[in-house]
Amino acid sequence: MQNKFTSRSKHLDFIILDLICIEVSYWLAYYIRLGRLVNSTPGEYTMMNIMVILIHLSIMFISEGYSGILMRNAIQELKKVVIHNAEMFAVILFILFFAKQSSVYSRILFALFVVIDTITMYIVRLVRKKVLYSNEDKERGKGQMLIVTNHAHAQSLVKGLAESGYRNYLIHGIVILDKNMTGQKIDGIDVVADAEGMYEYVKSNIIDEIFLEYDGEGVAEITKRFLAMGVVVHVSINNILPGTPNAAVENISHYTVITTSINIMSFKQKVIKRLMDIGVSIIGIAITAILFVIFAPIIFIQSPGPIFFKQERVGKNGRRFKIYKFRSMYMDAEERKKELMAQNKMSGLMFKMDDDPRVTPIGRFMRKTSIDEFPQFINIFKGDMSLVGTRPPTVDEYNQYDQHHKSRLAMKPGLTGMWQVSGRSEITDFEEVVRLDNEYIMNFSISLDIKILIKTVFTVLKRKGSV
């Protein structure tokens, strides 16, 4: 039987150790700053201690901070710990400021806590990993894994499986299916059987798991026979479906399938991203209402017509929706676009130009400050768009896409995105836009969304790259 672990239960030791580090660091900082013992602590600091723990757990949950913790080297671990504690400090200050409690608590105490916790957490994590690595040589309690493959893949497979800094298996030996190499060694690992003798070998020896990587015929039969012997079988898809990113095994109805995508978003990430969209869009819609009162009369006076510009755009995987903006152009803008195509500064399937004559005077100001984009919070609230994503193309642009361009529509379009904070209108090559959009999709995380949102604020305030 194969044991199943979640990422958090698998790293329960690190979770507990981090909580201990936080408690020790918090109360040590408290004693150093205020010179009191814990039993004489005011209630507000006890409550804040609970808040710090909740902040820590929330950040680790959102950022998946324990994912890959055993694979990180000392420098990578230091970076993770420093960033995590800096985020905790920022959230603490944010809460104190908006709760108007900054005068009640010592900010120096919290700064001291972050410094102590950074040092303590980093050292404890390194020590724990060193203990785990030192136990790696102890065979007791580890599963015996037999590699079953062909001659061409054997060496790279052994190296790949041995690269893991910490693992709960020992490579027992190798079976070569397409050649009789019994008695030889590959990267120091014995070849113990060939295709004819492997079943008898497994029957006669202690083998807990089979790692099967084979692109020839008979994979199903090999798997079936090993399962009949009660052995856990891991079937690699690297040679069955080469070049498949983010592959995962799932059940759809009565079928077991291999799911692959340029990025598979977890349920947790979907929930957090959607909650962020709803929360911020509600605030954005309220601001849009205020901006409407201010700018609607000016828009109408300079160019009589609708205040809002509505246009059909293409969203996730080709879905159509109406995008909303404050109208920044004269009413005949779309008709005049054909006349101005020769002045398009973009190479590819987007239209941008300097000093666009179709833009009204107030429209130039709204575009420069990105005020014209605020009605898109309605699209975000409805679920057509997200805060962060890719720029939604027009139907005309979409109809001219090459096949590889559609990859940028693998996620919901966004109010801002990777290419906007990487230069916005300074980028004139559409293929570069596609590359940046794909980079965002392939590397998506909640923390990346937050970074892009922060960069967007600074980009808008500096009025950098607007048209």
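Residues numbered from 1 in each chain as written. Predicted model: local features only at pLDDT ≥ 70, side-chain atom pairs only at ≥ 80, totals over all residues. Heavy atoms only, no water.

### Details of the overall build of the chain
Our working rule: Per the convention used, a helix needs a DSSP run of H or I reaching at least four residues, while a strand needs a run of E reaching at least two, with both numbered from the N terminus. Only protein chains enter the accessibility calculation, which uses a 1.4 Å probe; a residue is then buried when its area is under 20% of its type maximum, exposed when over 50%, and partly exposed in between. Here the open area of atoms and residues is found with the Shrake-Rupley method and a 1.4 Å probe, where only the protein chains shown may cover a residue.
Summing up its helical and strand segments, the chain has 15 helices and 12 strands in all. Counting all 467 residues of the chain, 43% fall into the buried class. Looking at the chain as shown, the accessible area adds up to about 25,500 Å², and 60% of this sits on carbon and sulfur atoms.

### Quick word on the nonpolar core
Cut-off, in case you're wondering: Joining through side-chain atoms within 4.5 Å is the link that ties buried Ala, Val, Leu, Ile, Met, Phe, Trp, Tyr and Cys residues into a set, and such a set is a nonpolar core. Between two residues, a contact is recorded if the distance between any of their heavy atoms is within 4.5 Å.
Counting residues in hydrophobic clusters, the biggest one holds 27 residues, and the most contacted among them are Tyr440 and Ile452. Every element with two or more residues in this core is listed here: strand E10 (320-326), helix H12 (376-382), strand E11 (386-388), helix H13 (395-399), helix H14 (430-442) and helix H15 (446-461). Here this core takes six residues from H14, the largest share from any one element. Not counting the four nearest positions on each side in its chain, Tyr440 is found in contact with Lys273, Val388, Gly389, Met411, Met418, Leu448, Asp449 and Ile452. Membership of the second largest hydrophobic core comes to 23 residues, among which are Ile22, Trp27, Ala29 and Tyr45.

### A closer look at the packing of helix H3 (residues 43-63) against helix H4 (residues 74-98)
This is how the line gets drawn: Orientation is described by axes fitted as lines to C-alpha atoms, over the contacting stretch for helices, and by angles from 0 to 180 degrees between their N-to-C directions. Just so you know how the angles are binned, under 35 degrees is roughly parallel, over 145 roughly antiparallel, 65 to 115 roughly perpendicular, and the rest oblique. Helix crossings fall into two classes, left-handed where the near helix is turned counterclockwise from the far one by less than a right angle and right-handed where it is turned clockwise. Polar here means any residue other than Ala, Val, Leu, Ile, Met, Phe, Trp, Tyr, Cys and Pro, which are nonpolar, and Asp, Glu, Lys and Arg, which are charged; Gly is therefore polar.
Taken N-terminus to C-terminus, the directions of H3 and H4 make an angle of 130°; their axes are 10 Å apart at the nearest point. Judged on the interaxial angle alone, H4 and H3 are oblique. Read as a crossing pair, H3 and H4 show a hand that is right-handed. Of the residues in H4, those touching H3 at Met48, Met51, Val52, Ile55, His56, Ile59 and Met60 are His84, Glu87, Met88, Val91, Ile92, Ile95 and Leu96. Looking at the contact of H3 with H4 residue by residue, the classes come out as 11 nonpolar, two polar and one charged.

### What to know about a positive patch on the surface
To keep things clear, this is the line we draw: Patch building starts from residues that exceed 30% relative accessible area and form no salt bridge, then joins like charges within 9 Å and nonpolar side chains (Val, Leu, Ile, Met, Phe, Trp, Tyr) within 5 Å. Salt bridges are defined as contacts in which a side-chain nitrogen from Lys or Arg sits within 4 Å of a carboxyl oxygen from Asp or Glu. Asp and Glu are treated as the negative residues and Lys and Arg as the positive ones, with His and the ends of the chain left uncounted. We put the charge of a Lys on NZ, of an Arg on CZ, of an Asp on CG and of a Glu on CD.
Taken together, the side chains of Lys79, Lys80, Lys451 and Lys455 define a basic patch exposed on the protein surface. Looking at the positive patch, the elements with two or more residues in it are H4 and H15. Mapped onto the elements of the fold, Lys455 is located in helix H15.

### So, the environment of Val232
Structurally, the position occupied by Val232 is in strand E6 (residues 232-235). The class of Val232 is buried, set by a relative accessible area of 16%. Linking Val232 and Asp208, residues 24 residues apart in sequence, is a C-alpha distance of 6.4 Å.

### Notes on the sheet that holds strand E4 (residues 189-194)
How we decide: Any two strands with at least two DSSP bridges between them are considered paired.
Read from one edge to the other, the open sheet built from six strands follows the order E3-E4-E2-E1-E5-E6, with strand pairing classed as mixed. With one partner strand each, in any of the chains shown, strand E3 (185-186) and E6 form the two edges of the open sheet. One ladder, built from two bridges, connects E3 with E4; its direction is antiparallel. Counted as the bridge partner of Lys185 is Asp190 from E4. Those strands touched by helix H6 (residues 151-162) are strand E1 (143-149), strand E2 (169-176), E3, E4 and strand E5 (209-213), and its axis lies near 150° from that of E1. This element, helix H8 (residues 219-228), spans E1, E5 and E6 of the sheet and lies at about 160° to E6.

### Concerning H15
The condition that has to hold: The length a helix should cover is 1.5 Å for every residue beyond the first. By definition, the arc is the one covered by directions from the helix axis to the C-beta atoms.
For H15, with 16 residues, the first-to-last C-alpha span of 23 Å sits near the 22 Å given by 1.5 Å per residue. Taken as a whole, H15 has its buried residues at Ile446, Leu448, Asp449, Ile452, Thr456 and Thr459. Relative to the axis of H15, the buried residues are bounded by an arc of 150° and lie together on one face. Within H15, the exposed residues directed more than 90 degrees away from the buried face are Lys451, Lys455 and Leu461. Against H3, helix H9 (267-302), E11, strand E12 (414-416) and H14 lie the buried residues of H15.

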